[in-house]
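In case you want the letters, here they are:
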Amino acid sequence: MRHRELAVTGAYAFDPDVFRDERGDFASPYQERAFVAAVGRPLFPVAQASRNVSRRGVVRGIHYTLTPPGTAKYVYCAGGRVLDLVVDLRVGSPTFARWDQVELTAGNGRAVYFPPGVGHAFVALEDDTVVSYLLSAEYRAENELTLSVFDEEIGLRLPAGPPAILSERDRTARTLGEAAAAGLLPEYTS
């Protein structure tokens, strides 16, 4: 398994070997040895595994959690294709407000690690795209926050395609500046 650090401090992309034959393919999107080599410690204890299914054009995020307690994520695409976006929302981070993108597909088995305080968004590039998550904490609605994917201060570049399909929560999300003014951004801890 290969890994690379993303433009956001502490976030990594992992590329497993994919073994193909006449039956299909096999990959291991998470491998502890590779994770430890990249991050310097084992993956968090998994408190919850989740998944969603999205049609082409669905945009989810930018989602993050109150920190503390914070939630780390390990994300991969189990079906279809998605443009995954990593956004540093941690005040004081050397990469604050910087973002990176990674294309995840069922065929490449690629995964992304998000440390606590880092925002997550994605755009489904195909119908029936399945995104799977390992989470360090159970979902708690009162800890879940969202920022606008259209915030010009962050400057995400969403791919061309059909009009974006967003939830009401994501459509009316705060900007980075509004979240900062409200004291809703996490603090960076090295």
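Thresholds applied
- Residues numbered from 1 in each chain as written.
- Predicted model: local features only at pLDDT ≥ 70, side-chain atom pairs only at ≥ 80, totals over all residues.
- Heavy atoms only, no water.
- Core = buried A, V, L, I, M, F, W, Y, C linked by side-chain atoms within 4.5 Å.
- Buried < 20%, exposed > 50% of the residue type's maximum accessible area, 1.4 Å probe, protein only.
- Helix = DSSP H or I, 4+ residues; strand = E, 2+ residues; numbered from the N terminus.
- Contact = heavy atoms within 4.5 Å.
- 1 Å grid on protein atoms, 1.4 Å probe; cavity = no way out; pocket = protein on both sides within 12 Å on 5 of 7 lines; lining within 4 Å.
- Points joined across faces, edges and corners; volume = space filled by probe spheres on them.
- Pairing = 2+ DSSP bridges.

A.B. asks: Help me get a handle on the nonpolar core, residues and values and all.
C.D. replies: In terms of nonpolar packing, the biggest core is built from 22 residues, with Ile62, Tyr64, Leu89, Leu147, Ile154 and Leu156 touching the most fellow members. Taken together, the elements giving at least two residues each to this core come down to β6 (59-65), β8 (81-88), β11 (118-124) and α3 (176-181). Among all residues touching Tyr64, those that are not within four sequence positions of it are Leu89, Val118, Gly119, Asn143, Glu144, Leu145, Thr146, Leu147, Ala179, Leu184, Leu185 and Pro186. Membership of the second largest hydrophobic core comes to 17 residues, among which are Leu6, Cys77, Tyr133 and Leu135.

A.B. asks: Residue-level account of the layout of surface pockets, with values.
C.D. replies: Estimates place the volume of the largest pocket at around 520 Å³. His63, Lys73, Tyr133, Tyr139 and Glu144 are the residues nearest the centre of the largest pocket, which is lined by 27 residues in total. Breaking the lining of the largest pocket down by element, the ones donating at least two residues are β5 (48-54), β6, β11, β12 (129-135) and α2 (168-171). The dominant element in the lining of the largest pocket, judged by the number of residues it contributes, is β6, at five residues.

A.B. asks: Explain the pairing of strand β2 (residues 12-15) residue by residue, including any values.
C.D. replies: What you see with β2 is no split at all: Tyr12 and Phe14 on one side and Ala13 and Asp15 on the other are buried throughout. A loop of six residues connects strand β1 (residues 2-5) with β2, the two strands running antiparallel in sequence, and Gly10 in this loop sits at a positive phi of about 90°.

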